[in-house]
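A structural walkthrough
Each chain is listed here by its residues.
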Amino acid sequence: MTHKSNVVEIYADGACKGNPGLGGWGAFLRFGSSEKDIFGGESSTTNNRMELRAVIEALLLLVRPCEVVVYTDSSYVQKGISEWIHGWKRNGWRTADKKPVKNDDLWRQLDSLVAKHQIEFRWVKGHAGNEGNERADALANQGVAAASGVVTPS
């Protein structure tokens, strides 16, 4: 993985055992030579909520405005924040067919966090050997285990 020292890189992923079901989120952050792994989970959630939560939790760690690249294997997150959200906000958090936006609580939180930084969202193919994505996937699965009460060695 190549990286620029002045950019925070975030690899984020969500996992769900059943959808809805037991879920976990994980993120791997890198800034220069510093790295941090975070994860968590919920007992009843959806895969899309966990994908969003992974990005949100990572951005919550940033204490000042940063240049950020977020890598996600979720088209839902990447397209949602880059394309769809503009229409949702314009339509009062309703979709094009006038239905309430699903997960609008998380989308609103993500929107407010994104406004604080210069962020680029990049989609990466999941389970394809991308080192950062594989690490985030493993962390998301640790989140599932934590939510289930099963302790996994880190």
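Preceding this paragraph is the structure being described.
Residues numbered from 1 in each chain as written. Predicted model: local features only at pLDDT ≥ 70, side-chain atom pairs only at ≥ 80, totals over all residues. Heavy atoms only, no water.

Excluding glycine, a negative phi dihedral is what most residues carry, and trans is how most peptide bonds are arranged. In this model, asparagine 19 is joined to proline 20 through a cis peptide bond whose omega is 10 degrees. Along the chain, the position of proline 20 falls in the loop between β1 (8-17) and β2 (21-31). Although it is not a glycine, asparagine 103 sits at a positive phi angle of roughly 65 degrees. Its place among the elements puts asparagine 103 in the loop between α2 (75-90) and α3 (104-114). Owing to a relative accessible area of 15%, asparagine 103 belongs among the buried residues under this scheme. One non-glycine residue, histidine 127, lies in the positive phi region at around 55 degrees. With respect to the helices, strands and loops of the structure, histidine 127 is situated in the loop between β5 (118-123) and α4 (131-148). (Helix = DSSP H or I, 4+ residues; strand = E, 2+ residues; numbered from the N terminus. Buried < 20%, exposed > 50% of the residue type's maximum accessible area, 1.4 Å probe, protein only.)

Considering soluble globular proteins, one finds that nonpolar side chains tend to be buried as a cluster. Residues Ile10, Val55, Leu59, Val68, Trp107 and Leu110 are the most contacted members of the largest nonpolar core, which totals 31 residues. Those elements giving two or more residues to this core turn out to be β1, β2, α1 (47-60), β4 (67-72), α2 and α3. Looking at which element gives the most residues to this core, the answer is α1, with seven residues. Dropping the residues within four chain positions of it, tryptophan 107 is found in contact with Leu52, Tyr76, Val77, Gly80, Ile81, Ile85, Trp88, Trp93, Val101 and Lys102. One finds Val7, Val69, Val124 and Ala136 within the second-largest nonpolar core, a separate group that totals eight residues. (Core = buried A, V, L, I, M, F, W, Y, C linked by side-chain atoms within 4.5 Å. Contact = heavy atoms within 4.5 Å.)

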